[in-house]
Amino acid sequence: MMQQTNHEVHEFQAEVKQLLNIVIHSLYTDREIFLRELISNAADALEKLRYRKITDKELRGGDLPLEISIELDDKKHTLSIADTGIGMTRQELIENLGTIAHSGSKAFIQYLSEGDQRDVNLIGQFGVGFYAAFMVADRVTVETLSWQPDAVGCIWQSEGIGNYTIDTTEGLQRGTRITLHLKEDAQEFAVEATIKRIIKQYSGFVPFSISVNGEKVNTVQAIWTKNKNEVTEEEYTEFYKYIANAYDEPLMRLHFSVDAPLTINSLLFVPKDNFERFGFGRMEPGVNLYCRKVLIQPQAKDILPEWLRFIKGVVDSEELPLNISRETMQDSALMAKLRKVITGRFIKYLNDQAKKEPEKYKEFWQNFGMFIREGAATDYINRKELVNLLRFSSSKAEEGQLVSLKDYLQRMKENQKDIYFINGPTKEVIETSPYLEVFRHQDIEVLYTHEPVEDYILSQLGEYEGKKLSSIDSADLELPESEQQQGEALSKEQLDALAGWLKEVLGDKVTEVKESKRLLDSPAIVLNSDQMTSSMHRMMQVVNKDINTVGPKVLEINPYHAMIQRLSTLKQQDENFARMAAEQIFDNALISAGLIVDPRGIVQRMNIILERALR
Ligand SMILES: Nc1ncnc2c1ncn2[C@@H]1O[C@H](COP(=O)(O)OP(=O)(O)OP(=O)(O)O)[C@@H](O)[C@H]1O
């Protein structure tokens, strides 16, 4: 190996420079969060060491107590925070404190640099925590020695502008000491009372001893192993803030213990916000796996199904062997059992919440409904229960009111065989579409779906409690019996002739043209004869970047509609113009179905039609 030079100058990665620039040059009210970020990194390093101790015999400083010590010097205006965790090698220093690896962080920096008063409190959630030190310091020194027996002690230093240096050094003990040389306007952070208050506020639940100038300031406790009535609301909230890296209160909480088939103590939280909704990329799982209060795996991947990645919390099971390796964890029967119990319990909890606290469930649904839908679409084991958690708006729901399949079932008409649904981007758009006409007329409720995945779930499901689930843009729909429409209509012969002619004009775009039994006010409607709904077709158009991927449609026409009657006459008098009108009627129907139509043809046609109308 090449001899390392003692002194090296490195440049920060471009994203880090950008981030530091934001951190240094903007004024934030909550600068004190920097401390929580550093404490949380120290605690992570200690957790990792605790794990190493179980798996690696060859470990430096095996007898050192696992703790965090903060030293303040209000004369020199410094704050230092030391931990006896895993430390970092020279290479790790370069990777960890010179670059940003997490892809979500890049999106986050983008977000921060776009607004004036962006919420910098989000910093901790995007893996850029360490750099928060530069909110209060104009120089930061990191002294560190890795747990690995052959590692060399290193000193990292930077003023947060452009570059940093690394030197090697002797005489360090295992772990990391970070020293902040406080800015002139941040010298309150060398005051003992201030620091103690901040620790109490943000880091009360760090599971390692924290001392300030030699005096211990926190009480270490694993509240998930306690009884519910022994834990206060404040303790729960504080614990949540600690494990979820959050600054607010959780939306929901589930604390439970089971003894069979496994001994489990678990404390799970649903956060207030869902960052995935805002385009910050896919969330990492947020549940830590413990065995008798010892962290076995942080952010464990296999303890919950993927769609539950929004949950933060702790699962502690006595049956987990302490030295279980991450590989065996993945496919062990034990993990599968744990996953089954916890997932089942959480789904049941949500169902109970929906009954007990409907308003809260509504808030949950608005933020996290996407995960429930994902679960219902992908998790075959739990689909049956997840379906009960789905919510929809509907033709009978008030603005903002949510309807479950069960609600629908309860108020269904006696002779009604199907549960009807229809897709569309919003409630307003759906309610002006022709699909609803006959259902509104007969006072039959229709559920509204807004995402293709909902249509996918409902069609996969096929039926609910013995009632068929039917999309009302389907061609072969068994319509409820309705009374004959009144008024003037095309005769049977006229209708057949018009339908035949339309089929010829529209060619491959339609499989069939026929009289509609479901229209009252609209001239025509397009329907699907495959198993897809129009929103699924639309998604295909977008994914394939080709609007022609929509298969042929069934076109139904309304013989009572004046436009259809005139078209029937016009096709004899001026066939060219009638063809144009027919194509326009068809395109209008596609648009009503929410499909993408080539605007060029429409505009050209509309100009000719308008010119004639304005004559
Ligand atoms: N005290 C420490 N001991 C050992 N490694 C550390 C320490 N502080 C930081 N690191 C390393 O530096 C990396 C970057 O830290 P940073 O706070 O920027 O992000 P993070 O900790 O990964 O993300 P988050 O703050 O969201 O937990 C950490 O992942 C860790 O590997």
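Below is a summary of the structure that appears in this document. (Residues numbered from 1 in each chain as written. Predicted model: local features only at pLDDT ≥ 70, side-chain atom pairs only at ≥ 80, totals over all residues.)

1. Regarding the overall build of the protein chain
- Counting its regular elements, the protein chain contains 19 helices and 22 strands.
- Across the 615 residues in the protein chain, those meeting the buried criterion constitute 36%.
- Summarising the internal contacts of the protein chain: among those between residues at least 6 apart in sequence, 73% fall at separations of at least 24. (Helix = DSSP H or I, 4+ residues; strand = E, 2+ residues; numbered from the N terminus. Buried ≥ 20, exposed ≤ 12 C-beta atoms within 10 Å, placed from the backbone. Contact = placed C-beta atoms within 7 Å.)

2. Notes on unusual backbone geometry
- Look at the link from A260 to P261: it is a cis peptide, with omega at 0 degrees.
- Position of P261 among the secondary structure elements: in the loop between β10 (252-258) and β11 (264-270).
- One non-glycine residue with positive phi stands out, namely N245, at about 55 degrees.
- Positionally, N245 belongs in the loop between α6 (233-244) and β10.
- Residue N245 is classed as buried on the basis of its 20 C-beta neighbours within 10 Å.
- Despite not being glycine, K545 shows a phi value in the positive range, around 50 degrees.
- Inspection of the secondary structure puts K545 in the loop between α16 (534-544) and β22 (553-557).
- Judged by the 7 C-beta atoms lying within 10 Å of it, K545 is exposed.

3. Re the pairing of strand β6 (residues 163-169)
- Sheet analysis places strand β1 (residues 7-11) next to β6, joined by 5 bridges and oriented antiparallel. Bridged to E8 within β6 is I166.
- Both strand β5 (residues 153-158) and β6 contribute to a ladder of 6 bridges, which runs antiparallel. Residue pairing across strands places I155 opposite D167, the latter belonging to β6.
- In sequence, β5 turns back onto β6 through a hairpin of 4 residues, with G160 there showing a positive phi of about 80 degrees. (Pairing = 2+ DSSP bridges.)

4. As for the nonpolar core
- Membership of the largest hydrophobic core comes to 80 residues, with the highest contact counts inside it found for I303, I311, V315, I422, L555 and A589.
- With near-sequence residues (within four places) excluded, I422 lies in contact with I430, Y435, L436, V446, Y448, S471, I472 and D473.
- Counting residues in hydrophobic clusters, the runner-up holds 54 residues, among them V16, A43, W147 and F189. (Core = buried A, V, L, I, M, F, W, Y, C linked by C-beta atoms within 7 Å.)

5. Quick notes on the sheet that holds strand β18 (residues 463-464)
- Here 5 strands make up an open sheet; going across it, the order is β15-β17-β16-β19-β18 and the pairing mixed. Each of the sheet's edge strands pairs with one partner strand only, and the pair in question is β15 (393-394) and β18.
- Relative to strand β19 (residues 467-471), β18 is paired through 2 bridges, and the arrangement is antiparallel. In the strand pairing of β19, Y464 is matched with K467.
- Helix-sheet contacts for helix α14 (residues 452-461) involve β16 (418-423), β17 (447-449), β18 and β19, and the interaxial angle to β19 is about 145 degrees. (Axes fitted to C-alpha atoms, helices over the stretch in contact; angles between N-to-C directions.)

6. Focus: the packing of helix α9 (residues 358-378) against α14
- Taken N-terminus to C-terminus, the directions of α9 and α14 make an angle of 40 degrees; their axes are 9 Å apart at the nearest point. The interaxial crossing formed by α9 with α14 has left-handed handedness. Contacts from R373, A376 and A377 in α9 reach V453, E454, Y456 and I457 in α14.
- Residue classes in the contact of α9 with α14 are distributed as 5 nonpolar, no polar and 2 charged. (Left-handed = near helix turned anticlockwise from the far one by under 90°. Nonpolar A, V, L, I, M, F, W, Y, C, P; charged D, E, K, R; others polar.)

7. Observations concerning the packing of α14 against α16
- One can describe the packing of α14 onto α16 by two numbers: an axis separation of 8 Å at closest approach and a directional angle of 130 degrees. When the axes of α14 and α16 are compared, the pair comes out oblique. The hand of the α14/α16 crossing is left-handed. Residues P452, D455 and Y456 of α14 lie in contact with α16, whose contacting residues are S535, M536 and M539.
- Considering only residue class, the contact of α14 with α16 consists of 4 nonpolar, 1 polar and 1 charged. (Parallel < 35°, antiparallel > 145°, perpendicular 65-115°, else oblique.)

8. Observations regarding the pairing of strand β14 (residues 312-317)
- The buried fraction of β14 amounts to 6 of the 6 residues, a majority that puts the element mostly inside the structure.
- Judged by which residues are buried, β14 turns out to be covered on both faces: K312, V314 and D316 on one side and G313, V315 and S317 on the other are all buried.

9. With respect to helix α15 (residues 492-506)
- With 15 residues, α15 extends 21 Å between its outermost C-alpha atoms, agreeing within 8% with the 21 Å of an ideal straight helix rising 1.5 Å per residue.
- Within α15 the residues assigned to the buried category are L498, A499 and L502. The arc that holds the buried residues of α15, viewed along the axis, is 100 degrees, so those residues lie on one side. Residues of α15 that are exposed and point over 90 degrees away from its buried face: E493, G500 and E504. (Expected span 1.5 Å × (residues − 1). Arc of directions from axis to C-beta.)

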